[in-house]
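Close look at the chain arrangement
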Amino acid sequence: QVTLVESGGGLVHAGDSLRLSCAASGGTFSYYTMSWFRQAPGKEREFVAGLSWNGINSAYAEPVKGRFTISRDNAKKTMYLQMNHLRPEDTAVYYCAADSRGRVVPRMEGLYDYWGQGTQVTVSS
């Protein structure tokens, strides 16, 4: 069984930066595609960014391109999301997810096997 735990969320001002972390335990982290999703109040959960098991292939949602950077450290079984130039519309609960089949960064949440509990990011204007 794989457990994912997010951390690093908080309340910041527009223009600030945050770095989220997702620590994994159990399973074989280095084989998994890892992604970040987010869910804003009243909205559906959406794909934010994803990274292949070897860190070579990445994908980003249009609203975060150029501002967010996804990375991973397989030795530490941890994934990161560096978020710069935050905007109020980035306010959401951020979830990390693992695809144990190692597909090339799927954007559909139904293809992910494991999910964290989420961390709240609030950006004030």
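Below is a short write-up of the structure. For clarity, every value in this text was computed on a predicted model and none was experimentally measured.

We now examine the side chain of D99. Following the sequence through the fold, D99 ends up in strand 9 (residues 92-99). Only 3.0 Å separates the side chain of D99 from the backbone nitrogen of R103, close enough to count as a polar contact. With residues up to four places along the chain from it excluded, the contact list for D99 reads Y32, T33, P106, L111, Y112 and D113.

Attention now goes to unusual backbone geometry. Residues other than glycine seldom take positive phi values, yet K77 does so here, at roughly 55°. Along the chain, K77 turns up in the loop between strand 7 (68-73) and strand 8 (78-83). Notably, H85 is not glycine yet its phi reads approximately 50°, a positive angle. Relative to the helices and strands, H85 resides in the loop between strand 8 and strand 9. Take H85: its relative accessible area is 52%, and that puts it in the exposed class.

Bringing the nonpolar core into the picture now. The nonpolar side chains of a soluble globular protein tend to be buried, and buried together. Residues W36, L81, M83 and Y94 are the most contacted members of the largest nonpolar core, which totals 30 residues. Those elements that provide at least two residues to this core are strand 3 (18-25), strand 4 (33-39), strand 5 (46-51), strand 7, strand 8, strand 9 and strand 11 (119-124). For Y94, the residues in contact, after removing those within four places along its chain, are E6, L20, W36, F37, R38, V48, F68, L81, M83, G118, T119 and V121. In this structure, F37, A59, A97 and V105 belong to the second largest nonpolar core, which totals six residues.

Across the sheet, four strands lie side by side as 1-3-8-7; this open sheet has antiparallel pairing. Two strands bound the open sheet, and with one partner strand each, they are strand 1 (3-7) and strand 7. Across the sheet, the axes of successive neighbouring strands diverge by a mean angle of 15°, strand direction being ignored. The pairing of strand 1 with strand 3 spans five bridges and is antiparallel.

Cut-offs used in this document
- Residues numbered from 1 in each chain as written.
- Predicted model: local features only at pLDDT ≥ 70, side-chain atom pairs only at ≥ 80, totals over all residues.
- Heavy atoms only, no water.
- Helix = DSSP H or I, 4+ residues; strand = E, 2+ residues; numbered from the N terminus.
- Polar contact = N/O pair within 3.5 Å; in protein donor to acceptor, adjacent residues only side chain to side chain.
- Contact = heavy atoms within 4.5 Å.
- Buried < 20%, exposed > 50% of the residue type's maximum accessible area, 1.4 Å probe, protein only.
- Core = buried A, V, L, I, M, F, W, Y, C linked by side-chain atoms within 4.5 Å.
- Pairing = 2+ DSSP bridges.
- Axes fitted to C-alpha atoms, helices over the stretch in contact; angles between N-to-C directions.

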